[in-house]
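# Residue-level structural notes
Take a look at the letters that make up each chain.
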Amino acid sequence: MTPELKAGDFLLRPLRPEDAPAVHRLVNDWSVVRMLSRLPFPYPRDLAQKWIASTLEDSSRGSAHHFAITRDGILLGAVGLVLSDDKRSASLGYWASPATWGQGMTTSAARRVTEWAIQVLKLEKLTADVAVDNPASSAVLRKLGFRETGRSSRRFVSRGTECPIIVHELARSTFLQLDIPAPVETASPAALEDQPSAPAPIRKPRTLLVVAAALLDAQGRILLARRPEGKRLAGLWEFPGGKVERDETPEQALIREMKEELDVDLTGACLAPFTFVSENAGPFHLLMPLYVVRRWRGVPAPREGQALAWVEAADLAKYPMPDPDLPLIPLLQELLG
Ligand SMILES: Nc1nc2c([nH]c(=O)n2[C@@H]2O[C@H](COP(=O)(O)OP(=O)(O)OP(=O)(O)O)[C@@H](O)[C@H]2O)c(=O)[nH]1
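What counts, and where the lines are drawn
Residues numbered from 1 in each chain as written. Predicted model: local features only at pLDDT ≥ 70, side-chain atom pairs only at ≥ 80, totals over all residues. Domains from an automatic or database assignment. Contact = placed C-beta atoms within 7 Å. Nonpolar A, V, L, I, M, F, W, Y, C, P; charged D, E, K, R; others polar. Helix = DSSP H or I, 4+ residues; strand = E, 2+ residues; numbered from the N terminus. Buried ≥ 20, exposed ≤ 12 C-beta atoms within 10 Å, placed from the backbone. Pairing = 2+ DSSP bridges. pLDDT = per-residue confidence, 0-100.

## A word on the domain arrangement of the chain
- We note that the domain assignment places domain 1 (5–193) and domain 2 (207–336) within the chain.
- A separation of 34 Å is found between the C-alpha centroids of domain 1 and domain 2.
- At the junction of the two partners, domain 1 supplies 11 residues and domain 2 supplies 10 residues.
- Tallied by class, the residues present in the side of domain 1 that touches domain 2 amount to six nonpolar, two polar and three charged.

Here you go:
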């Protein structure tokens, strides 16, 4: 199902039938529709209704995910991902109200959807086609790390003619290496737009020391926490924990993080080192000792807006996790099997 995502001040959410009048009003504008290859001009009202109904079906099948871009409850545009049959790649598309152009909204929204596609859907590749006379759209793609891979042509129904297009592509590995900051909730769209349209730079990897715990309850279930919107890797499930600060031992950091994130006290608890992760995590190299903890004081509560779940070892793979965590799943299943 298509989730809700945050991109700066914007909420990206599934389309709803009641969005039809706003979609119709915004798309039935020559400056918008001329850049969309499949839509006629004028754009009939019932097409907006049919399109929204189809996005809901696509979402339940997982074949496409379309998001309304909204701010303060007002619909301003849309971003969509249409998945390939094997669900390993997708094409990205978007449109936005001309009133929002030049403010960074589309870049911000398309970036958040791209990030979700790569990190949560684990797609290998995204593609996007842009009419050659739409340089603003190509600039959005470049900021996301897309590269031009060729030229072609396509019939644009609105223009009634064949038009040259530029084909763009973004590989998963490229996106994961980009120096893209996590969206800051208070960042203004204007501030985002001030970023140059040059491709995002590749960051040199450094080793980041993070501690994490597999908290086990009496039934042997493991506590997972879902990273909240607004953070890097939002939407992914992970083992509670965090970065080791200067002058802290890993154990001190774990005790601090568990208090901050879950309001549980691990002081004096047996922190059993279980294994560690040493993996490329995109902008940094992650070194993460994982402790197994069976006793603590207090009841885990989400103190940082994260969702919590007690998960059977056999079900761990059903929860999308950061790539570096994936090798931990069979090890925990073996421990608890
Ligand atoms: N706690 C935790 N972090 C993980 C796991 N797997 C994994 O890749 N990480 C990464 O390791 C880093 C953890 O540091 P953190 O949780 O303090 O980072 P953060 O950015 O959320 O914290 P901050 O907002 O305080 O800087 C994040 O980049 C996170 O994505 C995991 O299973 N548990």
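## Focus: unusual backbone geometry
- Cis peptide bonds are those with omega within 30 degrees of zero, and the linkage from phenylalanine 41 to proline 42 qualifies with 0°.
- If you trace the backbone, proline 42 turns up in the loop between α2 (30–33) and α3 (45–61).
- Of note, the phi angle at lysine 87 is positive, near 60°, even though the residue is not glycine.
- Structurally, lysine 87 can be placed in the loop between β4 (74–83) and β5 (89–96).
- By the C-beta count within 10 Å, which is 13 here, lysine 87 ends up partly exposed.
- Its identity is not glycine, yet lysine 122 carries a phi of approximately 60°, on the positive side.

## Thoughts on the pairing of strand β7 (residues 147–156)
- The buried fraction of β7 is low, at one of 10 residues.
- Looking at chain direction, β7 and strand β8 (residues 161–171) are connected through nine bridges and run antiparallel. Bridge pairing links arginine 155 to glutamate 162 in β8.
- Between β7 and β8, which pair antiparallel one after the other, the connecting turn spans four residues, and glycine 160 there sits at a positive phi close to 70°.

## Some words on the environment of serine 89
- Along the chain, the position of serine 89 falls in strand β5.
- Between the C-alpha atoms of serine 89 and aspartate 129, which are 40 residues apart in sequence, the distance is 14 Å.
- Excluding residues that lie within four positions of it along the chain, serine 89 makes contacts with Ser84, Leu123, Glu124, Lys125, Leu126 and Thr127.

## Considering the confidence of the model for the chain
- Overall, the predicted model of the chain reaches an average pLDDT of 92, with 92% of residues at or above 70.
- pLDDT under 50 marks residues 182–197. Its contacts with residues more than four places away, or in other chains, come to 33 contacts.
- Two summary scores accompany this predicted model of the complex, namely pTM at 0.82 and ipTM at 0.93.

## Notes on the pairing of strand β9 (residues 207–215)
- Two elements, β9 and strand β14 (residues 285–293), share seven bridges in a ladder whose sense is parallel. Directly across from threonine 207, in β14, lies its bridge partner histidine 285.
- Examined bridge by bridge, β9 and strand β12 (residues 241–243) share three bridges and lie antiparallel to one another. Note on β12: the bridge partner recorded for alanine 212 is glycine 241.

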